[in-house]
Amino acid sequence: MNRSLETKNRLTMWSRRLAAALFAVLIVIALAELGFRFFAKKPEHIAMMPLDPVLGFRMRSTVDLPNQDGRGTFRFELNEDGFRGRAMPLANERKSSDSPRALLVGDSFLNAWAVREEELMSNVAERELARTGADWKFYVAASDGYGTGQELLLLRKYGARVQPDVVILVMFPANDVLENSLELAGRTLWRAGDYTRPYFVNDESGELELTWAHPWRSWMRQHSRLFAQLEIKFYLKRKLDRWDKPDPWPFMRHTRRERVEAGLIVQERDELYREQPSNSPWSRAWETTEMLLTQFNTEVKQLGAELLVLVVPEKHQVRIGAQERLIGLELAAIGGLGAIELDQNLPERRLAAFFREQGIAYRLMLEPLRESIRSNPEVARYVLDGHLSGAGHELGGVGIARWIQDFHSEQPDLADHSSWNGQDLSAPVDHLSLLANQARMLDFRKAAHAIYLSNGWLARNDSMGHPGWTIDSVAFAVLPPPARAKLILRGQAMSSAQFPLTVQLSSPGTGMEAKQSLEAPGPFEVILNLREAYQPMDCVPVRIACIGGNSSSALVIEELGQSD
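Being a predicted model, the structure only gives us computed values, none of them experimental.

A few words on the overall build of the protein chain. Across its full length, the protein chain holds 16 helices and 23 strands. Counting every position in the protein chain, which comprises 564 residues, the buried fraction comes to 51%. The contacts of the protein chain with a sequence gap of at least 6 include a subset with a gap of at least 24, amounting to 71%. Of the accessible surface of the protein chain, which amounts to about 26,500 Å², a share of 52% is contributed by carbon and sulfur atoms.

Printed below as a string of structure tokens:
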């Protein structure tokens, strides 16, 4: 009996100790949670983009950063809601009947890191309308990396607050179709937010249902700052891909040659430009996108507004530039299918047919961008990373203003609408051929010359004492024809580099190269003599490499060109 009582007392003691230990653990967890909530900044799974319980992630608020373009420095600013442009109106703020409002919803094309405030399409459209005497106020709701699903959530969050008369959805099919599909999550390097992105999926009743790649982790992330921080430190930091972006699931990625040898298209994202069987993941991604667009239109009408969808094309749809030429040369060498062989008009044709069927107003920027390059090839409509430049934004802003004028006019001007509506689409413009004989020497100290550049060019910086482009360890460019006797590279080796280092200048596919060893910071010049056999080529591919130096910004490139 005593032994039984002793055992019972021992169990009671251990139960109390266990309960006390569990209670202590809970207290520690609760204190840690409170600490992270009150003293730590919001967790960011993607740089400069804090988590959001509804939107998955979003841009930081109240950002003011320096930036540069060919005209000098300017400020990149985000308002208190994390958007470009004027601050959102206050909740329940009464709208003046004499000042209609437009809300632009989109992704990084509206955030436009490389575009000055006055050049943004929202401000261009506002100025164009002001010239007619109309006092429109434009507001922007956008975040890098968003697809149509997150843009629908943005509309729900800010639509009633803005009370818009018009909503303009700025759509970029090259990313949006992918970003709308949970089935295709993580399959391309461009999509940084797939791990935390909310997705709409087609439920059994044919309705859109909200979900996430990892629902239970998403729930924990939304309700616990402690969990979010631990997830970043102990899981994501060890699962990041080479672009420092978390993937929802690990996928095997292949080089272009490996994909070609396996009979696959070079980049999976380029499946967008090929007809797909009805049972393919890409076809289902398109179906989800069309359902989201239909729902977007429905909710815009519920706000008492009208919807315009402005469709922005990928730059290789518009023109064949440096990057497309280099890909073409590489694929010709390995016998693969190149981007310029795809149907570059396919997304626009499909969307135009869908919009007409649904009665949704739309404008396609594809043909107007091509026309603008043919008429003025020296002006870049895209910046190096593939986003619209200031000139591209101006074209979009003018198109938005014209649509608003026509929509509110009893006698709309229907002239020039055919190119915006996708009638008689042409082919991508051979941009470099239009620039033949116009770029014997590119002076990066005076202009960006992004038209001629491909991968590896990091930033054009005027603040280091040596204006020009900093480059990665390897950078590529393409000069227009005709090829001349000498290829010349000039620049500066920076004091931050480690010496000795070697600057290598070569022309891919020719076997020709020149090198210069550098022992200290200062100017350099490398000259590559081109053989006569090289003359018939219709472009001049260029490869610049920094060997050693232990820095991706060891060199500033000031000039690149050709000489007789």
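We are not done yet, so read on.
Another aspect to go through is the side chain of Arg269. With respect to the helices and strands, the residue Arg269 is situated in the loop between helix 8 (256-261) and helix 9 (281-302). In this structure Arg269 comes out as buried when scored by relative accessible area, which is 5%. At 3.1 Å, the side chain of Arg269 and the side chain of Asn175 are in polar contact.

Another aspect to go through is a nonpolar patch on the surface. A contiguous nonpolar surface patch, about 750 Å² in accessible area, is contributed by Phe23, Ile27, Leu31, Leu34, Phe38 and Phe39. Turning to its location among the elements, Leu31 is positioned in helix 1 (residues 2-39).

Moving on: the sheet that holds strand 19 (residues 501-507). Spatially, 17-22-19-20 is the arrangement adopted by the four strands of the open sheet, whose pairing is antiparallel. Two strands close off the open sheet at either side, each with one partner strand: strand 17 (474-479) and strand 20 (512-518). When the angles between neighbouring strand axes are averaged without regard to direction, this sheet yields 15 degrees. Bridging between strand 17 and strand 22 (residues 540-548) involves six bridges; their strand directions are antiparallel. Paired with Ala477 across the strands is Val542, a residue of strand 22.

Moving on, we come to helix 4 (residues 148-162). Of all the bends found along helix 4, the most pronounced is centred on Arg156 and spans about 35 degrees. For helix 4, a buried count of eleven out of 15 residues is recorded, marking the element as mostly surrounded by other parts of the structure. What helix 4 keeps buried is the set Thr148, Gly149, Gln150, Glu151, Leu152, Leu153, Leu154, Leu155, Tyr158, Gly159 and Val162.

We now examine the pairing of strand 16 (residues 468-471). Taken together, the four bridges between strand 15 (residues 457-461) and strand 16 define a ladder with antiparallel strand orientation. Looking across to strand 16, one finds that Ala459 is bridged to Thr470. When strand 16 meets strand 23 (residues 555-563), the two strands line up antiparallel, connected through two bridges. When the sheet's bridge partners are listed, Thr470 is paired in strand 23 with Val556.

Generally speaking, a soluble globular protein has its nonpolar side chains buried in company with each other. Phe138, Ile168 and Ile400 are the most contacted members of the largest nonpolar core, which totals 83 residues. Of all the elements, helix 9 adds the most residues to this core, at seven residues. Setting aside residues no more than four positions away along its own chain, Ile168 makes contact with Ala102, Leu103, Leu104, Val105, Phe138, Leu308, Leu310 and Ile400. Ile471, Leu501, Val503 and Val542 belong to the second-largest nonpolar core, a separate cluster that totals 42 residues.

As a further point, take the packing of helix 9 against helix 12 (residues 346-358). Relative orientation of the contacting elements helix 9 and helix 12 amounts to 40 degrees, with a least axis distance of 12 Å. Classified by the angle their axes make, helix 9 and helix 12 are oblique. The way helix 9 lies across helix 12 gives a crossing that is right-handed. Touching Trp286, Glu287, Glu290, Leu293 and Thr294 of helix 9 are Pro347, Arg350, Leu351, Phe354, Phe355 and Gln358, all from helix 12. Here the residues of the contact of helix 9 with helix 12 sort into six nonpolar, two polar and three charged.

Should their charged atoms come close, side chains of opposite charge can pair. Evaluated as defined, the whole model comprises 30 salt bridges. Asp135 serves as the salt-bridge partner of Lys137, at 2.7 Å between the closest nitrogen and oxygen. Via salt bridges that share partners, Asp443, Arg445, Arg490, Glu525 and Glu559 belong to a single interconnected network.

Turning to helix 6 (residues 215-223), its buried residues are Arg217, Ser218 and Arg221. Viewed end-on, helix 6 has its buried residues packed into an arc of 100 degrees, placing them on one side of the element.

Two orientations exist for strands paired in a sheet by backbone hydrogen bonds: parallel and antiparallel. The five strands lie next to each other as 6-5-7-10-12, forming an open sheet whose pairing is parallel. Strand pairing shows two members of the sheet lacking a second neighbour, strand 6 (137-142) and strand 12 (361-364), which therefore form its edges. For this sheet the average axis-to-axis angle between neighbouring strands, irrespective of direction, equals 20 degrees. Contacting strand 5 (101-106), strand 6, strand 7 (166-171) and strand 10 (306-311), helix 3 (residues 121-130) runs over the sheet at an angle of about 165 degrees to strand 6.

Here Arg58 is to be found in the loop between strand 2 (56-57) and strand 3 (63-69). What makes Arg58 buried here is its relative accessible area of 13%. Side-chain polar atoms of Arg58 contact the backbone oxygen of Asp81, separated by 2.5 Å. A polar contact of 2.9 Å, which involves the side chain of Arg58, links it to the side chain of Tyr158. Among residues more than four places away in sequence, those in contact with Arg58 are Met48, Met49, Pro50, Asp52, Asp81, Phe83, Ser143, Tyr146, Lys157 and Tyr158.

Here the focus is the confidence of the model for the protein chain. Chain-level statistics for the protein chain give a pLDDT mean of 86 and a share of 89% at 70 or above. Model confidence for the protein chain, summarised as mean pLDDT per element, is weakest for helix 8 at 73 and strongest for strand 7 at 98.

To continue, consider unusual backbone geometry. The residue after Phe499, namely Pro500, is reached through a cis peptide bond having omega 5 degrees. Structurally, Pro500 is set in the loop between strand 18 (486-493) and strand 19. Even without glycine at this site, His449 takes up a positive phi of about 55 degrees. In this fold, His449 is placed in the loop between strand 14 (441-443) and strand 15. Under the relative-accessibility criterion, His449 is labelled partly exposed at 25%.

Conventions we followed
- Residues numbered from 1 in each chain as written.
- Predicted model: local features only at pLDDT ≥ 70, side-chain atom pairs only at ≥ 80, totals over all residues.
- Heavy atoms only, no water.
- Helix = DSSP H or I, 4+ residues; strand = E, 2+ residues; numbered from the N terminus.
- Buried < 20%, exposed > 50% of the residue type's maximum accessible area, 1.4 Å probe, protein only.
- Contact = heavy atoms within 4.5 Å.
- Areas by Shrake-Rupley, 256 points an atom, 1.4 Å probe, with all protein chains shown as cover.
- Polar contact = N/O pair within 3.5 Å; in protein donor to acceptor, adjacent residues only side chain to side chain.
- Patch = residues over 30% accessible without salt bridge, like charges linked within 9 Å, V, L, I, M, F, W, Y side chains within 5 Å.
- Salt bridge = Lys/Arg side-chain N within 4 Å of Asp/Glu carboxyl O.
- Pairing = 2+ DSSP bridges.
- Axes fitted to C-alpha atoms, helices over the stretch in contact; angles between N-to-C directions.
- Bend = angle between axes of the 7 residues up to and from the residue.
- Core = buried A, V, L, I, M, F, W, Y, C linked by side-chain atoms within 4.5 Å.
- Parallel < 35°, antiparallel > 145°, perpendicular 65-115°, else oblique.
- Left-handed = near helix turned anticlockwise from the far one by under 90°.
- Nonpolar A, V, L, I, M, F, W, Y, C, P; charged D, E, K, R; others polar.
- Arc of directions from axis to C-beta.
- pLDDT = per-residue confidence, 0-100.

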